Amino acid sequence: FGIHALLVVAVTLSPVIATAQSENDVSGEDVYPPLWDLAPENLLDFPVKDNKIVISAWNYQDRLGVYKSLLNASAKYFGAFGPQNSGNILWGLPLQHGWQYHTGRLADHSGGTSCGYENGEFLCQSVRSWWSCMNYYLAIIPFLGAVEAGLFGQLPYEIEILPPKERKDDFCYSVKDCWSRMPKLMDDWKAFFEYLLSTEHTAVSSASFSSFKLDDALGLMWKAHTASIAYALPKFQDRLKYLSDPEASFGVDWANGVDFIAATHFNTDLPTTNSFQVFLPQRMLVEGDVLPSISDFSPEQNNVLVSLRILHKGNKLTGGLLLKLWQQAMSTEEGRKMGRKLIENLTSS
């Protein structure tokens, strides 16, 4: 049953990926998240107040700026993996966030405010949005872990993250605050960035800092990524009530599916992530959307939603055994290579 589900995922994704890879070009504007050019380039582009760099994490442009700062500061470590920083494995984070923004998933779905809507505060990210809250732990926590690791060097100011208007206790707002509340999570992200920084001193030449093993870097990044999701998932269960049943199910299915992708150390660089995002639903699911026959979704998008559902249900029914077996199969570099190939190329030939 479990292997069947994994094969369904692989068979479904392969032709989509093959098509998307031929269409994606790193130089094209549409490969970047919405409003990417308008986001702050680095930390000193954010406002400074009372000797603190102030970041509004509930503004889409500011959160995008956090990602842009991370990508720019880490670019030199990924120079060997693609032109124009396209080989940077941190691209998966802002691209996912851009998809969430583009599809309206960051807005207030409770109906209480105009946060996130075109006729209201369109750059606003709602604290009532399940997707926005989950993403906080894949944006602000990695960022503060990078600050603590020293990715940005010695900063002239402290970092202050502005809180939302409600539910403030669900989040942390500075390096010190986050370390005191979630040390393990911060440590996982710090470890990833420290690994990148450690290669700066062992690089063969000053022209390239890419002396690390990409598989090792991906392993550390995915460890931190899945830890963020595991920490946030139970915390934001109450936000699911603002979503339709199909959308809520999809969100949880997707969060659980990440564990299977993570086990393969899947490469989250710019072209690969863009290739994968074509199979994600390009609007929110609503009541009446019934899998696998949502009329305005492509067959591949319908099948992927079904496959994620099967994986989640199968893993739940087996008490997590399905994921453990998959992780065991992916425990060697050769196994992970096969896992990635299974997802990428099963039917591409």
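Residues numbered from 1 in each chain as written. Predicted model: local features only at pLDDT ≥ 70, side-chain atom pairs only at ≥ 80, totals over all residues. Heavy atoms only, no water.

An unreviewed UniProt entry lists the protein under the name LEG1H protein, with Pomatorhinus ruficollis given as the organism. Entered under Sequence similarities (unreviewed entry) in the UniProt record, the comment concerning the protein runs "Belongs to the LEG1 family." (UniProt positions renumbered as here; feature names shortened; annotations may be inferred.)

Asks: How should empty space enclosed by the protein be read in this particular structure?
Replies: Unoccupied space between atoms shows up once a probe the size of one water molecule is rolled over them. Summed over the entire model, instances satisfying the criterion amount to two cavities of 30 Å³ or more. Considered as a void within the structure, the largest cavity measures approximately 460 Å³ in volume. Lining the largest cavity are 28 residues, with Gly 92, Gln 96, His 225, Trp 254 and Val 258 positioned closest to its centre. No other element matches helix 9 (residues 245-263), which puts five residues into the lining of the largest cavity. A class-by-class count of the residues in the lining of the largest cavity yields 18 nonpolar, ten polar and no charged. The residue makeup of the lining of the largest cavity includes at least three contributed by each of domain 1 (33-201 + 210-234) and domain 2 (243-348). (1 Å grid on protein atoms, 1.4 Å probe; cavity = no way out; pocket = protein on both sides within 12 Å on 5 of 7 lines; lining within 4 Å. Points joined across faces, edges and corners; volume = space filled by probe spheres on them. Helix = DSSP H or I, 4+ residues; strand = E, 2+ residues; numbered from the N terminus. Nonpolar A, V, L, I, M, F, W, Y, C, P; charged D, E, K, R; others polar. Domains from an automatic or database assignment.)

Asks: Mind showing me how you'd approach the sheet that holds strand 2 (residues 52-56) here?
Replies: Hydrogen bonds between backbone atoms are what pair the strands of a sheet, whose relative direction is either parallel or antiparallel. The three strands are arranged 1-2-3 in an open sheet whose pairing can be described as mixed. Strands at the two margins of the open sheet, each flanked by one partner only, are strand 1 (48-49) and strand 3 (158-162). Relative to strand 2, strand 1 runs antiparallel, the two sharing two bridges. In the sheet register, Lys 49 faces strand 2, and the bridge partner there is Lys 52. (Pairing = 2+ DSSP bridges.)

Asks: Just checking my understanding: could you explain the side chain of Thr 268 for this structure?
Replies: Relative to the assigned elements, Thr 268 resides in the loop between helix 9 and helix 10 (270-277). In this structure Thr 268 comes out as buried when scored by relative accessible area, which is 9%. Within the local environment of Thr 268, its side chain forms a polar contact with the backbone oxygen of Ile 89, the two atoms lying 2.6 Å apart. With sequence-adjacent residues up to four places away left out, Thr 268 is seen in contact with Asn 88, Ile 89, Leu 90, Trp 91, Gly 92, Leu 218, Met 221, Trp 222 and Thr 273. (Buried < 20%, exposed > 50% of the residue type's maximum accessible area, 1.4 Å probe, protein only. Polar contact = N/O pair within 3.5 Å; in protein donor to acceptor, adjacent residues only side chain to side chain. Contact = heavy atoms within 4.5 Å.)

Asks: Which parts of the structure should I look at to understand helix 5 (residues 140-149)?
Replies: Helical periodicity: at 3.6 residues per turn, an α-helix aligns residues three or four positions apart in one direction. Taken across its ten residues, helix 5 has nine buried, putting it largely inside the fold. Buried residues of helix 5: Ile 140, Ile 141, Pro 142, Phe 143, Leu 144, Gly 145, Ala 146, Val 147 and Ala 149, and no others. Elements that come into contact with the buried residues of helix 5 comprise strand 2, helix 2 (60-74), helix 4 (130-136), strand 3, helix 6 (175-181) and helix 7 (183-198). One or two residues past the end of helix 5 sits Gly 150, with phi positive at roughly 100°.

Asks: Explain the state of the cysteines here, please?
Replies: In protein structure, a disulfide is the covalent linkage between the sulfur atoms of two cysteines. Applying the stated criterion across every chain, the model contains two disulfides. Across a sulfur-sulfur distance of 1.8 Å, Cys 115 and Cys 124 are joined as a disulfide pair. Taking the sign of the torsion about the S-S bond as the criterion, the disulfide between Cys 115 and Cys 124, at about -90°, is left-handed. Between the sulfur of Cys 172 and that of Cys 178 lies a disulfide, 1.9 Å long from S to S. Linking Cys 172 and Cys 178, the disulfide has an S-S dihedral of approximately 95° and is accordingly described as right-handed. Each member of the pair Cys 172 and Cys 178 is classed as buried. Going through the protein in sequence order and numbering each bonded cysteine, the pairs you get are 1-2, 3-4. (Disulfide = S-S within 2.5 Å.)

Asks: How should I be thinking about unusual backbone geometry in this particular structure?
Replies: In terms of backbone geometry, most residues other than glycine have negative phi values and most peptide bonds are trans. Here Leu 291 and Pro 292 are connected by a cis peptide whose omega angle stands at 5°. Its place among the elements puts Pro 292 in the loop between helix 10 and helix 11 (299-317). One non-glycine residue, Asn 51, lies in the positive phi region at around 60°. Taking the relative accessible area as the measure of exposure, Asn 51 reaches 57% and is therefore exposed.

Asks: So what exactly am I meant to see when it comes to the packing of helix 9 against helix 12 (residues 321-329) here?
Replies: Relative orientation and spacing of two packed helices are given, respectively, by the angle between their axes and the distance between those axes. The interhelical angle for the contact between helix 9 and helix 12, taken along N-to-C directions, is 15°, at an axis separation of 9 Å. As judged from the angle between their axes, helix 9 and helix 12 are roughly parallel. Where helix 9 crosses over helix 12, the handedness of that crossing is left-handed. Contact residues: Asp 259, Phe 260 and Ala 263 in helix 9; Leu 322, Leu 323, Trp 326 and Gln 327 in helix 12. Across the contact of helix 9 with helix 12, the residue classes tally to five nonpolar, one polar and one charged. (Axes fitted to C-alpha atoms, helices over the stretch in contact; angles between N-to-C directions. Parallel < 35°, antiparallel > 145°, perpendicular 65-115°, else oblique. Left-handed = near helix turned anticlockwise from the far one by under 90°.)

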